[in-house]
Structures are given as C-alpha cells and as structure tokens.
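A look at the structure
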Amino acid sequence: MKLLVKFNLVFVLVFVLGLGVTGYISRDLLQRNAQQEVLDHARLLMEKALAVRAYTSGQIGPLLETQMKYSFLPQSVPAYSATEVLATLHKKYPDYAYKEATLNPTNPRDRAVEWEVDIVNQFRNSPDVKEFVGQRDTPSGRSLYIARPIQIKDPACLRCHSTVDAAPKPMVDRYGPANGFGWNFNEIIGAQVVSVPMTVPLQRAASAFNVFMGMLTAVFVVIGLALNLMLWKLVIQPVSRLSAIADRVSLGEMDAPEFKASSKDEIGTLAESFTRMRKSLVQAMKMLDG
C-alpha cells in the first residue's frame, strides 16, 4: 500500500472520529442552549404575570373597592388582570400562552383541561414543589411549559370562594353559584401555566449546527489537501526519486545521476548518506577490477 494511501486512510479515520465527537458535543450544547432560551422566555412571561397580579392587588383593587359593593368588577381580581394582559400578547403571538388553570374556577375559561389537571394534582400531591417544567406536543409543534402552584395563602380570598352565602352578591349574580366555591386556606386550587414554543429556537439551533459542521468539514478538507500536497512535495517525491536512483545503482548502473538534495531535513540527510554509500561502492568496485 502506498504511503500516501496509508496517510489518507489514517487522516479520514481521524476526520470521521473528530467530526462525530464534535458533532455530538456541539449538537447537545446547542440544543441545551435553545431549551434554556425557551425556559428563560417562559420565566420572563411568568414574572410578568406575577407583576400584573401584584399591581392589581396593590393598586387597582383598593380603587374599585367601593364600586364592588354594587357591581362585581373582574378587573379588581389579580388572576383576571394577569390573564387579560397576557391574552393580548397571545393575540399577536398565538404560540405564547398563559393560563391560571383551576380545578374549580369562578370563571369557566380558567377551568383546567386534562393535562393541566395532571399538573395541579402533582402540586397537590407534592406541596413542597414550587415549580414544574415540562414539554408537550401542540398542533404548532413542540412547546415548553412552566407551572407554579396557586395556593390560598391570603384569608381575604375566602371571602369570595368559601361558600355561596359568604360571597359578594354581585359576583354570584355574574358567575352563578355553581363554581368557584368550597376553597380552603392553604389549599392548592390550581396552577399558573405558561407555554412557550420551542420550534423556532430549536430550528435556529439546528441551522447553527449545520453551518458549524459544514464549516468544520470544509476546514478538514482544506487541511487534508494541504497535508497531501506537503507530503507529496516534501516526502514522497524526493523519496521516489532517491528510490529510483538506488534501484539503478543496485543493478550496476554506476553512471546513474546523483541525487541532489538542497534541504537539511531528514530527506537531505538520507540523500547525503546514500551519496556516501554510492561513492564507497564505486571505490570498492574499482579495487576489485584492479
């Protein structure tokens, strides 16, 4: 097997192994970065909902307290305000969603669907868990969701949700007596759920991966061509010429041209050694003829 073929076989093997390891590591890193980006977006959306809740509870609710005696204003309810604000965002970005999924809500739109019920039950079964992150398939693609428990920690909430008789009459008139009652202090009655699409970040990660691997492959190819050229010019070509001259001398052609090496590397040293050996051989042949 030719030296150049052996070199290229080893180079291709190293190239394939290096490309495989690099591809595995870089793909995993890009995927994890994309998922972390999605998670950051979800947490930012969750914090926005919490900020709206706090603003409504601290500033809007007190302003509407007097009117609430005569008519129920849902704008005074923190959960309603957060849902309304993020519903506006949902109209422009339909894949981004926020819901206060509740097992027994006052407002029917907040009722938890099947997969949200599972999340609420997980929080109810594990009260120490304060956040749950997961993924689910949607019609528009893979989606990441982050959920936090809704727990009754403020006794004031029970004024509206303990019993029908204790609830404000305007609220009962608006929503009816069938839902949103029977809540207990410290009970987990639902979960705040934020859903964020993963399709775009994952596509970006895949695109970056393809570009990176393409560039890495191109670099390996260029390096391979450069090494082949260097090996041919600096090693194989001189050695082939020296080998041809050695064959002619070994067959008795003492008039074969000398190999002139201008380099001072290993090839040059080999050429000098061959020249000395050839001169010694010529002198020995002359002595035998004499």
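Attention in this report is confined to the structure presented alongside it. (Residues numbered from 1 in each chain as written. Predicted model: local features only at pLDDT ≥ 70, side-chain atom pairs only at ≥ 80, totals over all residues. Heavy atoms only, no water.)

1. Here we look at the pairing of strand β1 (residues 97-102)
In terms of burial, β1 is largely enclosed, as 5 of its 6 residues are buried. In this sheet, strand β4 (residues 188-197) lies alongside β1 in antiparallel orientation, the contact comprising 6 bridges. Counterpart to K99 in the pairing with β4 is V193. (Buried < 20%, exposed > 50% of the residue type's maximum accessible area, 1.4 Å probe, protein only. Helix = DSSP H or I, 4+ residues; strand = E, 2+ residues; numbered from the N terminus. Pairing = 2+ DSSP bridges.)

2. A look at the nonpolar core
Counting residues in each nonpolar core, the largest one holds 15 residues, and the members touching the most others are A42, Y98, L144, I146 and V194. Secondary-structure elements contributing two or more residues to this core are α1 (3-63), α2 (78-92), β3 (141-151) and β4. No other element matches α1, which puts 7 residues into this core. If sequence neighbours within four positions are ignored, I146 has contacts with L39, A42, R43, M46, E131, F132, V133, Q192, V193 and V194. (Core = buried A, V, L, I, M, F, W, Y, C linked by side-chain atoms within 4.5 Å. Contact = heavy atoms within 4.5 Å.)

3. Examining the sheet that holds β4
One open sheet holds the 4 strands; their spatial order is β1-β4-β3-β2, and the pairing between them is antiparallel. Among the strands making up the open sheet, the edge pair consists of β1 and β2 (132-138). Pairwise comparison of adjacent strand axes, ignoring direction, gives a mean angle of 30 degrees for this sheet. For β2 and β3, the ladder comprises 7 bridges, and the chain directions are antiparallel. Across the sheet, residue V133 finds its bridge partner in β3, namely I146. Sitting on the sheet, α1 touches β1, β2, β3 and β4, and the angle it makes with β3 is about 35 degrees. (Axes fitted to C-alpha atoms, helices over the stretch in contact; angles between N-to-C directions.)

4. Concerning a nonpolar patch on the surface
Taken together, the side chains of V219, I223, L227, M230 and L234 make up a nonpolar region of the molecular surface, amounting to roughly 430 Å² of accessible area. Inspection of the secondary structure puts L227 in helix α6 (residues 199-250). Given a relative accessible area of 33%, L227 falls into the partly exposed group. (Patch = residues over 30% accessible without salt bridge, like charges linked within 9 Å, V, L, I, M, F, W, Y side chains within 5 Å. Areas by Shrake-Rupley, 256 points an atom, 1.4 Å probe, with all protein chains shown as cover. Salt bridge = Lys/Arg side-chain N within 4 Å of Asp/Glu carboxyl O.)

5. Here we look at the environment of S243
Along the chain, S243 falls in helix α6. Of the residues examined, S243 reaches a relative accessible area of 38% and is grouped as partly exposed. Sequence-wise, S243 and T275 are 32 residues apart; in three dimensions their C-alpha atoms are separated by 12 Å.

6. Quick look at the pattern of salt bridges
Following the criterion strictly, the structure yields 11 salt bridges and no others. With a shortest N-O distance of 2.8 Å, D137 and R142 are connected by a salt bridge. Taking the relative accessible area as the measure of exposure, D137 reaches 57% and is therefore exposed. Judged by its relative accessible area of 32%, R142 is partly exposed. Each of R43, E47, E131 and R148 takes part in a single network of salt bridges with overlapping partners.

7. Topic: the packing of aromatic side chains
This structure, assessed with the given rule, holds 6 aromatic pairs. The interplanar angle of 80 degrees and the centroid separation of 5.8 Å between the aromatic rings of F72 and Y175 together place this pair among those described as edge-to-face. In this pair, F72 is assigned in the loop between α1 and α2 and Y175 in helix α5 (residues 169-175), connecting sequence segments 103 residues apart. By relative accessible area, which is 9% here, F72 ends up buried. Measuring from ring centre to ring centre gives 6.0 Å for Y93 and Y96, while their planes differ by 75 degrees; the resulting arrangement is edge-to-face. Under the relative-accessibility criterion, Y93 is labelled partly exposed at 38%. An aromatic cluster is defined as three or more aromatic residues linked by ring pairs; in this entry it consists of W115, F132 and Y145. (Phe/Tyr/Trp six-rings, centres within 6.5 Å; stacked < 30°, edge-to-face > 60°.)

8. Some points on the environment of A218
By secondary structure assignment, the location of A218 is in helix α6. Sequence spacing of A218 and I245 is 27 residues, and the spatial spacing of their C-alpha atoms is 39 Å.

9. Structural notes on the packing of α1 against α6
One can describe the packing of α1 onto α6 by two numbers: an axis separation of 9 Å at closest approach and a directional angle of 160 degrees. By the angle between their directions, the pair α1 and α6 is classed as roughly antiparallel. Every pair of crossing elements has a handedness; the one defined by α1 and α6 is right-handed. Taken together, the residues of the contact of α1 with α6 break down into 23 nonpolar, 8 polar and 3 charged. (Parallel < 35°, antiparallel > 145°, perpendicular 65-115°, else oblique. Left-handed = near helix turned anticlockwise from the far one by under 90°. Nonpolar A, V, L, I, M, F, W, Y, C, P; charged D, E, K, R; others polar.)

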